[in-house]
Amino acid sequence: MDNRRMRELEEMCIQEDPPFCQAACPLGMDGRGLCSDLAAGTVDKARAKVEEGLPLPLLLCRICDEPCRTACPKGRSGDAISMALLERYSLENGKAPRKRPSFLSPRTDRIALVGSGLAAMAALESLRAKRYLPQVYIPDGDLAAQLREDKRLPRDLLDETLERLLEGLNVVTESPSLEELSEFGGVVIADESPLRYPGPTDDVTFATEVTGLFSLPLPSGSPSTEARRGLEAVLSLERHLQGASLESGRTKKTDRNTRLKAPEDDTPSKATVPRGETYSSEEATAEAARCLLCQCLICHPWCLYLQEYGGSPRKYIRTYHNNLIINKGNRTANRMIDSCTLCGLCAEVCPTGLDVGQASLESRRKMVETGHMPPSHHDYPLRDMASALEETDFLLDPTGGSPEWLFFPGCQLGASEPRWVSESYRYLTDRLESVALWVSCCGAPARWGGREALYMDVMDLWIERWEGLGRPKVVTACSTCHGLLKERLPEGTAVTLWETMDKLGLPEEGDVSAETVTVSDPCTARDDRTAQEAVRNLLRRRGLALEEHPRSGRTTECCGFGGLVFSANPDLAKRSATRRVQEAGHPMVVSCAMCRELYSRTGHPTWHILELLLSPEGKAPSPKPFPGWSARRENRKRLKADMTSGTVPKEPSESLVMDEKLRQNLDDRWIIEEEILKVIEEAQSGGPRLRRKDSDVYLAYSVLSERTLWVEYSPEGDRWRIHDSYSHRMTIQEVTR
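Computed from a predicted model, the values in this text were never measured in an experiment.

A. Up close: the overall build of the chain. Assigned secondary structure in the chain consists of 33 helices and 19 strands. Relative to its length of 737 residues, the chain is extended, with a C-alpha radius of gyration of 36 Å against a globular reference of 27 Å. Considering only C-alpha atoms, the chain reaches an extent of 110 × 75 × 50 Å along its principal axes. Residues classed as buried in the chain amount to 53% of the 737 residues present. Restricting to contacts in the chain with at least 6 residues of sequence separation, those with at least 24 account for 70%. In the structure as shown, the chain presents an accessible area of about 33,100 Å², 48% of it carried by carbon and sulfur atoms. Both charge centroids of the chain, one from 96 positive and one from 111 negative side chains, sit 3 Å from each other.

Okay, here's the thing in structure tokens:
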């Protein structure tokens, strides 16, 4: 992800867009932050925000025209937030921030300020804060002449402010000529000055045709706008003195639009009316608490991943980028990048369609490409994919090379239950002409793991074999396979098993039971409305009453398997599955084998749709528990042997003895019994092993691909008792003495 791409994605996140009040305020006052502080009782912080956001705050909070009130969403059905009163309460009740003493000398630039009024006063305050000592021309003799007519401003407050602003400055109560001003390095002519620049001025910078001369337009009648103009003129003058661009970065700043959506929860409420001139503590808190704290974060309630690391998607994208460009693979950031399920739900609910998953995937690809992605997060899924492609891949083609149909159930369906593949295939062959069966993997683990080159190799081989079969129509039983194959196959070539069954009829007729089930769509079928409807039609025809999951269809969630999160961040994957089953009101039915496995691991009764479609009338089977990763590997082997009339291999579990707790621990570490048995057999055949003193317990290891697997075992009859097993990626250097 290069800088340009990162900025494109960051710009799509609107969480950092200003709230409506801030966007409407010419000064960009942080009204949301102010209300948040006051509602929380942190008045000192609120005062700091007001002093930082407003020039001449004690004056402005009394006379502000409050354009924020028009923009405030609370005003749609009640009263807008009384921001000026809250600002005044903060200034009068909050503790003044401690100011650090400045030991810097005043600047020596010779500059001038001409005029009076709020813009001139705001400009003067800003100049003094920047250590400028301008020559001040006040033709009418009173810098606040017009403000004195406003009865809301106490005279003593005005006098104190003027005394502070003019202290130590050279003040001239005459109008200078333009020729006289040309002797200064920079000049600001304020709005109420009788001296007007006759030529055109820039709307944003107020620059004139005379270099260094900045002239404000006629008064707008809006105090907040006047104050903003004074600040902008000073910014132009300072940039002029520094030789910097006057325009850079200022177009957007002067056009504070927001892309936020008004919150839906907008209960009508009346503004808190102060009993006196200003708010009391209770009144200020009550008024601040009415604020809706407008922001986006629409994606957060939907996604545990975005809640897991906090902040907005913008923060995630910047972390991805920094991890690749600066950190070159930080451990924490690596896990963060690999913890997204890539399900696309965020893009579905985001007002701008920002897909954090796509950004995560792009980052994974770059990390893999540059060698910064550690292999540990995706080690097991890639090993399992290799097994599905090499060890348990098989093609059954009764036509001898030219089937009309190809049933491709993927690699996970048979791992969950071999019967679902064999009986589905039998169903298809009974109803369609010339159907071939191909059990293999589509390469999804490689794509999700960021190994795009490997994925393309797998998919290219898939296409090559499919073309070798005469380009048959493809029936899929895995929504992930279906989605990936549709990217490469001609339109209309791939259909789901559910659509096919919906057209051809149920495999078994009659009701299986009368109970209600919750239908849960897989995230990879989010956009496949046809498949979703077919699943529901089939279940209804089997006599089941259906309840929709609260998050289904286009807003369905991932079970935690997608994006290989179940391997990179198992705890997050378990919580994702748990949250989803907790929102289901009944036993769940899914059409994805991995959804069934991960929901079953939570203990929630979950059926794969084939369990119900293939059951005899009146006999809904009891939902099966999660079989474990080792058993799933053996299921695939058994399916291949059964379907190809091969020899059913002896299952490793028949040769190994271990208690259930250890078996569960090893399963959680992705240590497969097949691999344990391989280490023992190598050790017993003369491979490396150590014997514990005075016992028959051995410790053996074997290097399996990129990792070393250790097994502690002892003989027990004609089997092996397993005491422990673990693996690592350190290389064992053997030294010959």
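Here the narrative resumes.
B. Highlighting the nonpolar core. By size, the foremost hydrophobic cluster in this structure holds 74 residues, and its most contacted members are Tyr305, Trp462, Val474 and Phe566. Among the elements that make up this core, the one with the highest residue count is helix α23 (residues 452-468) (five residues). When near neighbours in sequence (up to four residues on either side) are disregarded, Val474 contacts Leu406, Phe408, Trp462, Trp466, Leu485, Leu489, Thr493, Ala494 and Val495. The next biggest cluster of nonpolar side chains, apart from the first, holds 62 residues, and it includes Cys61, Leu127, Leu158 and Leu237.

C. The arrangement of a negative patch on the surface in detail. Judged by side-chain charge, Asp156, Glu160, Glu163 and Glu167 come together as a negatively charged surface patch. Mapped onto the elements, Glu167 comes out in the loop between α9 (155-166) and β3 (171-172).

D. Representation of the sheet that holds strand β2 (residues 135-137) within the structure. Spatial strand order, β3-β2-β1-β4-β5: five strands in an open sheet with parallel pairing. The sheet is open, and its two borders are formed by β3 and β5 (213-215), each paired with just one other strand. For strand β1 (residues 111-114) and β2, the ladder comprises three bridges, and the chain directions are parallel. Among the inter-strand pairings, Ala112 is bridged to a residue of β2, identified as Gln135. In the packing of helix α11 (residues 223-242) onto the sheet, the strands contacted are β1, β4 (186-189) and β5, and the crossing angle to β4 comes to about 170 degrees.

E. Broad picture of the pattern of salt bridges. Counting across every chain of the model gives 64 salt bridges. Between Glu423 and Arg419 there is a salt bridge, with the nearest N and O atoms lying 3.1 Å from each other. In this pair, Glu423 and Arg419 both sit in helix α21 (residues 418-431), four residues apart, roughly one turn of the helix. Relative accessible area serves as the criterion here: at 32%, Arg419 is assigned to the partly exposed category. Linking Arg596 and Glu597 is a salt bridge whose minimum nitrogen-to-oxygen distance equals 2.8 Å. Like Arg596, the residue Glu597 is buried in the burial classification.

F. Quick peek at the environment of Asp718. With respect to the secondary-structure elements, Asp718 resides in the loop between β18 (707-716) and β19 (719-728). C-alpha separation for the pair Asp718 and Glu654, spaced 64 residues apart in sequence, amounts to 10.0 Å.

G. How the structure looks around helix α19 (residues 379-391). Across its 13 residues, α19 extends 17 Å between first and last C-alpha, which sits within 8% of the 18 Å expected from 1.5 Å per residue. Buried within α19 are the following residues: Asp379, Tyr380, Pro381, Leu382, Arg383, Asp384, Met385, Ser387 and Ala388.

H. Structural view of the sheet that holds β18. Overall, mixed pairing links the five strands, which are arranged β15-β19-β18-β17-β16 in an open sheet. Two strands close off the open sheet at either side, each with one partner strand: β15 (656-657) and β16 (689-691). Pairing between strand β17 (residues 698-704) and β18: seven bridges, direction antiparallel. When the sheet's bridge partners are listed, Tyr701 is paired in β18 with Trp710.

I. Structural detail: the packing of α21 against helix α31 (residues 629-643). Their axes nearest at 9 Å, the elements α21 and α31 cross at an angle of 30 degrees. With respect to each other, α21 and α31 are oriented roughly parallel. Contacts between α21 and α31 involve Pro418, Val421, Ser422 and Tyr425 from the former and Asn635, Arg638, Leu639 and Met643 from the latter. For the contact of α21 with α31, the residue count by class is five nonpolar, two polar and one charged.

J. The packing of aromatic side chains, seen in detail. Across all of its chains, the model carries 19 aromatic pairs by this definition. The interplanar angle of 90 degrees and the centroid separation of 5.4 Å between the aromatic rings of Phe408 and Trp462 together place this pair among those described as edge-to-face. Of this pair, Phe408 sits in strand β7 (residues 405-408) while Trp462 sits in helix α23, placing them 54 residues apart in sequence. Among the residues examined, Phe408 registers a relative accessible area of 0% and is labelled buried. You can call Trp462 buried: its relative accessible area is 3%. Plain terms: the ring middles of Phe566 and Trp670 are 5.4 Å apart, the flat faces sit at 90 degrees to each other, and that makes the pair edge-to-face. Taken as a pair, Phe566 in helix α27 (residues 565-568) and Trp670 in the loop between α32 (660-668) and α33 (673-684) lie far apart in primary sequence, 104 residues in all. Chaining the aromatic ring pairs together yields one cluster made of Tyr380, Trp448, Phe561, Phe566, Phe626, Trp629 and Trp670. Lying over the aromatic face of Tyr132, Arg107 brings its terminal NZ or CZ to 5.1 Å of the ring centre. Positioned over the ring face of Phe626 is Arg601, at 5.5 Å from the centre of the ring.

K. View of the side chain of Ser479. For Ser479, the location among the structural elements is in helix α24 (residues 479-488). Judged by its relative accessible area of 14%, Ser479 falls in the buried class. Once you skip the residues sitting within four places of it in the chain, Ser479 turns out to touch Pro522, Thr524 and Ala525.

L. Local environment of the side chain of Arg62. Residue placement: Arg62 occurs in helix α5 (residues 57-63). There is a polar contact of 2.8 Å between the side chain of Arg62 and the backbone oxygen of Leu58.

M. Seen up close, the environment of Glu499. With respect to the helices and strands, the residue Glu499 is situated in helix α25 (residues 497-504). When sequence neighbours within four positions are dropped, the list of residues in contact with Glu499 reads Asp528, Thr530, Ala531 and Ala534. A distance of 2.9 Å separates polar atoms of two side chains, one belonging to Glu499 and the other to Thr496.

N. Quick peek at the pairing of strand β9 (residues 473-476). By the bridge criterion, four bridges tie β7 to β9 in an arrangement that is parallel. Note that in β9 the partner of Phe408 across the bridge is Thr476. Sheet topology places β9 next to strand β10 (residues 494-496); three bridges connect them, and they run parallel. Within β10, the position partnered with Val475 by the bridge is Val495. Tracing the backbone out of β9, into α24 and back to the parallel element β10 gives a crossover that is right-handed.

About the criteria used
- Numbers given to residues run from 1 along each chain, matching the order in which its sequence is written.
- Local features are withheld for residues below a pLDDT of 70 in this predicted model, meaning they are given only at 70 or higher, and side-chain atom pairs are given and counted only at 80 or more; totals for whole chains, interfaces and linings count all residues.
- Calculation of side-chain values draws on the structure's entire complement of heavy atoms; hydrogens and water are dropped beforehand.
- Only runs of H or I of at least four residues qualify as helices and only runs of E of at least two qualify as strands under DSSP, and these elements are numbered from the N terminus.
- Computation of the radius of gyration draws on C-alpha atoms, with the globule rule given as 2.2 Å multiplied by the number of residues to the power 0.38.
- Working definition: with a 1.4 Å probe on protein chains only, accessible area under 20% of the residue-type maximum means buried, over 50% means exposed, and in between means partly exposed.
- Two residues qualify as a contact provided that any one of their heavy atoms is within 4.5 Å of a heavy atom in the partner residue.
- All accessibility values rest on the Shrake-Rupley procedure with a 1.4 Å probe; residue burial counts only the protein chains present in the view.
- Positive residues here are Lys and Arg, negative ones are Asp and Glu, while His and the chain termini are left out of the count.
- Taken as the charge centre is NZ of Lys, CZ of Arg, CG of Asp or CD of Glu, depending on the residue.
- For this analysis, a nonpolar core means a set of buried residues of the types Ala, Val, Leu, Ile, Met, Phe, Trp, Tyr and Cys, connected via side-chain atoms within 4.5 Å.
- For patch detection, residues must exceed 30% relative accessible area and be free of salt bridges, and they are connected within 9 Å for like charges or within 5 Å for nonpolar side chains (Val, Leu, Ile, Met, Phe, Trp, Tyr).
- Put simply, a salt bridge is a Lys or Arg side-chain nitrogen that is within 4 Å of an Asp or Glu carboxyl oxygen.
- Two strands qualify as a pair provided DSSP detects at least 2 bridges between them.
- Where helices are involved, their axes are fitted lines through C-alpha atoms of the stretch in contact, as for all axes, and angles between N-to-C directions lie from 0 to 180°.
- To estimate how far a helix should extend, the number of its residues minus one is multiplied by 1.5 Å.
- For classification, angles of less than 35 degrees are called roughly parallel, those exceeding 145 degrees roughly antiparallel, those between 65 and 115 degrees roughly perpendicular, and all remaining angles oblique.
- Classes in brief: Ala, Val, Leu, Ile, Met, Phe, Trp, Tyr, Cys and Pro nonpolar; Asp, Glu, Lys and Arg charged; the others, Gly included, polar.
- Any pair of Phe, Tyr and Trp rings, taking the six-membered ring for Trp, is counted once the centres come within 6.5 Å. Such a pair is stacked with planes under 30 degrees apart, edge-to-face with planes over 60 apart, and tilted for the rest.
- Distance and angle both matter: a charge sits over a ring if NZ of Lys or CZ of Arg is within 6 Å of the ring centre and within 35 degrees of the ring normal.
- Polar contact criterion, stated in full: a pair of N or O atoms within 3.5 Å, where within protein one must be able to donate a hydrogen and the other to accept it, and residues adjacent in sequence count only if both atoms are side-chain atoms.
- By definition, the crossover connecting two strands over a helix is right-handed if that path, from the first strand to the second, turns clockwise as seen with the strands pointing away from the viewer.

So, to be careful, I would describe these as geometric facts and stop short of saying anything about function.
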